[in-house]
Protein chains: 2
Amino acid sequence: MNGNIKKDEKVMVIFQPSGRRGLVYKGRSIREASIEIGEGIEGPCGGKGACGKCRVKILDGFFERFGVDSNLKNLSPINSLEKEFLNPEDEKDGFRLACQARILGNIVVFVPEVSRLGKLIVRKPLRNIEVKIDPAVKKYFIKLPEANLNDLRSDWERIQDEFRQRYGLIDLSIDYQVLKNLQKVVRDGNWEITVFIWNDREVIKVESGNVDKAYGLAIDIGTTTLAGYLCDLSDGRVLATSSMMNPQVVFGEDIMSRISYAVTNPDGLERLNQSVIDGINSIIDDVTSIAGIHPTEIVDITVVGNTCMHHIFLCLDPKNIGRSPFTPAIKSSLNIKTREIGFKNSLKVSPGSYVHVLPIEAGFVGADNVGVLISEEPYNQDSIILIIDIGTNGELVLGNRKRLLSCSCATGPAFEGAQIKYGMRASPGAIEKIEIDPETKEVRYKVIGKDEWNTELKEVGAMGICGSGIIDGVSQLYLAGIIDKTGRFNKNIETQRYRESNGEPEFVIAWARETSIGKDIVITQNDVRAIQLGKGALYAGAKIMMRHLGVDRVDKVILAGAFGNYIDKKSAAVLGLFPDCPLENVISVGNAAGDGARMALLNIDKRREADWIARKVEYLELTLEPDFDIIFAEAMWIPHMKDEFPSIASFLSSTPIDKEKQSWV
Amino acid sequence: MNGNIKKDEKVMVIFQPSGRRGLVYKGRSIREASIEIGEGIEGPCGGKGACGKCRVKILDGFFERFGVDSNLKNLSPINSLEKEFLNPEDEKDGFRLACQARILGNIVVFVPEVSRLGKLIVRKPLRNIEVKIDPAVKKYFIKLPEANLNDLRSDWERIQDEFRQRYGLIDLSIDYQVLKNLQKVVRDGNWEITVFIWNDREVIKVESGNVDKAYGLAIDIGTTTLAGYLCDLSDGRVLATSSMMNPQVVFGEDIMSRISYAVTNPDGLERLNQSVIDGINSIIDDVTSIAGIHPTEIVDITVVGNTCMHHIFLCLDPKNIGRSPFTPAIKSSLNIKTREIGFKNSLKVSPGSYVHVLPIEAGFVGADNVGVLISEEPYNQDSIILIIDIGTNGELVLGNRKRLLSCSCATGPAFEGAQIKYGMRASPGAIEKIEIDPETKEVRYKVIGKDEWNTELKEVGAMGICGSGIIDGVSQLYLAGIIDKTGRFNKNIETQRYRESNGEPEFVIAWARETSIGKDIVITQNDVRAIQLGKGALYAGAKIMMRHLGVDRVDKVILAGAFGNYIDKKSAAVLGLFPDCPLENVISVGNAAGDGARMALLNIDKRREADWIARKVEYLELTLEPDFDIIFAEAMWIPHMKDEFPSIASFLSSTPIDKEKQSWV
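Residues numbered from 1 in each chain as written. Chains lettered and ligands numbered in written order. Predicted model: local features only at pLDDT ≥ 70, side-chain atom pairs only at ≥ 80, totals over all residues. Heavy atoms only, no water.

**Observations concerning the side chain of aspartate 155 of chain B**
As a reminder of what qualifies: Strands here are runs of E lasting at least two residues and helices are runs of H or I lasting at least four, both read from the DSSP assignment and numbered beginning at the N terminus. The contact definition used throughout considers only heavy atoms, calling two residues in contact when any of these lie within 4.5 Å.
Mapping aspartate 155 of chain B onto the fold places it in helix α4 (residues 155-167). Look past the residues within four positions of aspartate 155 of chain B in its chain and what remains in contact with it is Thr327, Pro328 and Ala329 of chain A together with Leu182, Gln183, Val186, Arg187 and Trp191 of chain B.

**Points about the pairing of strand β27 (residues 556-560) of chain B**
All names here are of chain B. Short version of the rule: For each residue, the accessible area found with a 1.4 Å probe, counting protein chains only, is set against the maximum for its type, and the residue is called buried under 20%, exposed over 50%, and partly exposed in between. DSSP calls a pair of strands paired once it identifies at least 2 bridges connecting them.
Among the five residues that make up β27, four are buried, leaving the element largely enclosed by the rest of the structure. Pairing of strand β18 (residues 385-390) with β27 involves five bridges; the strand directions are parallel. For isoleucine 385, the partnering residue across the bridge sits in β27 and is lysine 556. Inspection of the sheet shows β27 paired to strand β28 (residues 586-590) by four bridges, in the parallel sense. Residue leucine 559 lies in a different strand from β28, and its bridge partner there is serine 588.

**Things to note about the interface of chain A and chain B**
As a reminder, the rule being used: Accessible area that two parts lose when put together, with a 1.4 Å probe and added across both, is what the buried area reports. Each salt bridge in this description consists of a side-chain nitrogen of Lys or Arg and a carboxyl oxygen of Asp or Glu lying within 4 Å of one another. Here a polar contact means two N or O atoms within 3.5 Å. Within protein one must be a hydrogen donor candidate and the other an acceptor candidate, and residues neighboring in sequence count only if both atoms are side-chain atoms. Here the term charged refers only to Asp, Glu, Lys and Arg, the term nonpolar to Ala, Val, Leu, Ile, Met, Phe, Trp, Tyr, Cys and Pro, and the term polar to all other amino acids, Gly among them.
At the interface, 44 residues of chain A touch 44 residues of chain B. Approximately 3,600 Å² of surface area, both sides summed, lies buried where chain A meets chain B, with 58% of it carried by carbon and sulfur atoms. Counting across the chain A and chain B interface gives four salt bridges. A salt bridge links lysine 331 of chain B to glutamate 157 of chain A, with the shortest nitrogen-to-oxygen separation between them at 3.4 Å. The tally of links from chain A across to chain B stands at 24 residue pairs in polar contact (both at pLDDT 80 or more). Broken down by secondary-structure element, the contributors of at least two residues to the side of chain A that touches chain B are α4 (155-167), α5 (176-188), α8 (307-313) and β16 (334-337) of chain A. Sort the elements by how many residues they give to the side of chain A that touches chain B and α5 of chain A lands first, with seven residues. Looking at the side of chain A that touches chain B residue by residue, the class counts come to 22 nonpolar, 11 polar and 11 charged.

**As for the relation of the copies chain A and chain B**
Spelled out, the test is: Least squares is the method for superposing the copies, and the C-alpha atoms it fits come from residues with pLDDT of at least 70 in both.
Least-squares fitting of chain A to chain B yields an RMSD of 0.1 Å, with the transformation described by 0.1 Å of translation along the axis and a rotation of 180°. On the angle and the small slide along the axis, the relation comes out as a two-fold axis. Among all C-alpha atoms of chain A, that of glutamate 340 of chain A lies closest to the rotation axis, at 5.0 Å. Of all interface residues in chain A, 100% are interface residues in chain B too; the two copies therefore contact each other through one and the same surface.

**Observations regarding the packing of helix α10 (residues 467-479) of chain B against helix α11 (residues 525-549) of chain B**
Residues and elements named next belong to chain B. The condition is simple: Orientation is described by axes fitted as lines to C-alpha atoms, over the contacting stretch for helices, and by angles from 0 to 180 degrees between their N-to-C directions. Angles are sorted into four bins: roughly parallel if under 35 degrees, roughly antiparallel if over 145, roughly perpendicular if 65 to 115, and oblique for all others.
Their axes nearest at 11 Å, the elements α10 and α11 cross at an angle of 105°. In this view, α10 runs roughly perpendicular relative to α11, as classed from their interaxial angle. Two secondary-structure elements touch here, α10 through Ile470, Val474 and Leu477 and α11 through Asp527, Val528 and Ile531. Here the residues of the contact of α10 with α11 are counted per class, giving five nonpolar, no polar and one charged.

**Here we look at helix α9 (residues 367-376) of chain B**
Of all the 10 residues making up α9 of chain B, 10 are buried; the element is thus mostly covered by neighbouring parts of the structure. Along α9 of chain B, the residues classified as buried are Ala367, Asp368, Asn369, Val370, Gly371, Val372, Leu373, Ile374, Ser375 and Glu376 of chain B.

**Some thoughts on the sheet that holds strand β23 (residues 464-465) of chain B**
All names here are of chain B. Within the open sheet, the three strands sit side by side as β22-β21-β23. Their pairing is mixed. Each edge of the sheet is formed by a strand with only one pairing partner; in this case those strands are β22 (443-447) and β23. Judged from the five bridges that link them, strand β21 (residues 430-436) and β22 form a sheet pairing that is antiparallel. Each bridged residue has a counterpart across the sheet, and for isoleucine 431 the counterpart in β22 is valine 447. Across the sheet, α10 lies against β21 and β23, angled at about 15° from β21, the strand it touches most.

**Some details on the environment of threonine 296 of chain A**
Residues and elements named next belong to chain A. For threonine 296, the location among the structural elements is in the loop between α7 (268-291) and β15 (298-305). With relative accessibility at 31%, the residue threonine 296 sits in the partly exposed group. Along the backbone, threonine 296 and serine 353 are 57 residues apart, and their C-alpha atoms lie at a distance of 9.2 Å. Dropping the residues within four chain positions of it, threonine 296 is found in contact with Lys205, Lys348, Val349 and Ser350. Within the structure, threonine 296 has its side chain in polar contact with the side chain of histidine 294 (distance 2.8 Å).

**Quick look at the nonpolar core**
Threshold: We define the nonpolar core as a collection of buried residues of types Ala, Val, Leu, Ile, Met, Phe, Trp, Tyr and Cys that are connected through side-chain atoms lying within 4.5 Å of one another.
Judged by nonpolar contacts, the single largest core of 76 residues is most densely connected at Leu386, Ile431, Tyr445, Leu577 and Phe578 of chain A. In this view, leucine 577 of chain A contacts Ile388, Ile390, Phe415, Ile471, Lys535, Leu538, Tyr539, Ile567 and Ala572 of chain A; residues no more than four positions away in its chain are not counted. Within the second largest apolar cluster, 75 residues are counted, among which are Cys407, Ile436, Leu538 and Val574 of chain B.

**Focus on the pattern of salt bridges**
For the structure on display, the rule yields 82 salt bridges over all chains. Look at the salt bridges and you will find they share partners, linking Asp151, Arg153, Arg158, Asp161 and Arg164 of chain A into a network.

Any link to function would need more than the numbers given here.
This is how it looks when you write it as structure tokens:
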């Protein structure tokens, strides 16, 4: 069966346990087949065979029901990339990497839980925001004088005259698609209509009779998570929230693999765009069914997202933002008819409505950062504020009302669990908190989805370590003296948990019996290095910005983003993710980008503020700093508390560690 | 075969001599089948069985090539409407009315030339217009500074900055679909691009490198004829002209039957819209292939048309303009993206371009009339001007710089050859000029397509009488004393040409041997009445407007429209189509509506002028005049020259009739 591959022949692929199946062309990789068929398989590296997260198992046997004779021989031979992630036993058991194994005949593929892309449990949480209600779309109920032979005005003139006389709105225009139905709507309503006006200048919807409510949707397009907030435009209440994994994840987990997918596939951009549009439409379905309204009752949308998500949402080629000099197609905010968005499907809201896309600042500082800014308003404050938004990329803003700088740090995906041996997303089974006893070197940890710590559970079922867990872990390894300030393992440590594997030091967090993957979950020397690289990038960025701004300390650190919400800020401080700052002034604000999108939805001045601040913030291209490499190299070290981090050091020494709970109280 | 009609069964219909064929559902009329298959059959009454112009002949026999067993029995029986137009001989010969005969089995239908919808030979002719070249779309060639790490502006910012600095254009926006390709265009052009800017405020097209030319298209949508003028936007030259029959003609010849089609068919408006869009697209194909350019090089379009054509072009339901109080959906001018126009297909020009639709004045005074106004500019003149635009409807404007009135007259379709026994369009074979000797009552005439008069031809091949011919004919009947000023035939006239048929007087213009239809072509008493009704409507309208304006004479009469170009103005004056006016001040201006569309294409101030004048003109609803009926009744009489038409009378008496040529010299 390995012999002559006819490229135009199709074979059956069945995924288990989901049961999804379909015919795909011979020669496709299992990963490609999974995308076509709609099965979700992990792939942080974007299908390059570099992460080993897309392990799947080929099931043997004849599946009569589907006429499938599944067999490992129906795949291309194991290649060298796969060999790095699969030991001989794995091979015997039928394991393969989905991105490497090419399909030559009918197969049944079992996707182990650890390789499955599931619905994230981490919702982008919701804060109360304070903003004056003054939305871009306003609603008016009017009664028109009926047409007669002595009053020959057209329907539209009649409406224009009404708004000029009663509301002082002149030069109103009307959306062409709305105009098409105007006559019917006016007569069906017996000359009483509800008119929705955008920005005091365009009629974007007309309904017969008196319509009670107008709704808007704020959307935050994260690289990993899509979130939508349905708001009542009259009082700003959030009526429904929905979030889901960004469906683009199947095309690559980080920005660079998405860009690479868009660049290397002829219809790559189209598929990426359509998947995010479909995702938003499914969020629209969710929130409108929760609120009991129809999608077309949504009359306004705001969108934030990083530059790459922004470009893909707008069908703009992200190629140039992925390579020097990282030039975006457009930075300024955009108002686009929702019906124009999307390659094929568009947004299923009121067809005359606009989507307002917030401006971006620079090639790597996107509209999500602008959302954070208008939510946190550092430009209205005297104290020096450092905002850290750790998504799949790290974006920093530093300054106050006088001056604001921004930069983007290549943190790498380590904080999201990628490039970490047992790293995984923040989904059920992920170790999210770790504590190590400095004396016994014993470990306690907590997994997502269970309320108790591992020591109180019979079945722990750990599957891997997520971002907040790895931050905790490395910080605890340091505090327990297991690694030193350079990140190197102390080889003299006396505990069973410390060992070397193929010459690489590693420390066991969870024993195989406590896991659902049947292996010890460890933190390796490479994992520590990956975290050091990530935190070093952030710290170096902050240091360079401080130098430009001429300050030697920051008054306040704001951690934005879901990740910022979940990491232990003490662990982060110990590692030196950010410069020294009194811990009580380090605050997590959750999804501030989404908050900014909501504010821009509810208040039109916030849109102007966003346009203004996006231009005002000065973007620093870190790689242009002559001493960037030196600063970055130093920043990778775990800081010396007393010298560099007096606030943290004094906090740690003044706060006794509770030996019982093994955590700061 | 007449028995059980299965509605969902299809049968073969073949049209001859065109050879067009297709399968249609049983029960369809031949007319409906012709629309589906794309065969053009006349039908001025819109398929009501009222005009008898859609005669076709069913061919007998078996057509092996198509497997068709054609037979009269494969049709519904002749109904009472058909009997009015078909004598027993016709029936025997296999003649039927296409709109009445329903198809029950395979048939071959012969469409006689007289029933065929052909390409009009009457082109809407072209005048030289004088207008300052200042189009809405202007073209700029610019060189952008390349992006680098010290200049991180987005592509769009770069362009905006260039236009702000070099051309003082601020607040430029960019069409979203153009933005999508911007990065590629900029880089393909090596940072040199040509930018097309609409109205100094929106980039609607960007091309790599230096593009030499920008093109625009002016479109005149007549009820009967579509015309398009391709212009060079830099110098105003007309590079190509194309006109064709409005493809909507198959849905009904006049406005009312189109409205009725739109109202009574669920997808009526959609089909009417799509047919005019397709027609315009075929004009675009014509003019661009003549000029040797690509359709997407057209970057601007202007459109004029009467209110009904305006509404259908815009996919606006024409229902309300067809019934009192004749309220349009919108009167003001519109700028709509060409890609948004049309139910299915849109206009195949540059996708970012706008179509500018000129404003309409009232329910029955459309954008075509506004086109005439900005072309003739009566509002810039001191003398009292009467503009008569006779299309399928009659529109009048009266006044000068102080005040302008407009009205719409229900002339009926007689001037276009409908409701006239042997009436036909102005196409080959139509009698277009008639002269009758006052003494001998002998007739000379001229047919379209032949240069000589009938008396000089062996084969005349007359097929009917077109609008200008019937005006000539009735005028000549009056001058020869064959009809009196009330329009009644003088029964004592001594000539073979006068006779009665079924009690109705008629006068033979062409003997059967001179025709290609094998019948005498006559003008009947009813034909005279139809012309009297039409001319009475125009004359009454003019009289009422003069009363409102407080003038007792007009200084100048402008005949606009193709019809105005072809009628003999002396014949028209004799009949009293318009009030008395020195004949040298009666001028034909041809397609002034199309001229107006061209002016609006080439000069943006003309668009503002159009908006202004459309609001300034006062529309008179004639039917609201208390004495309208009396004035209309009087206006139907052929006027007494000396009393009512001193200028005409003196012209006629001073100009000897050339007995040889039997025409005014």
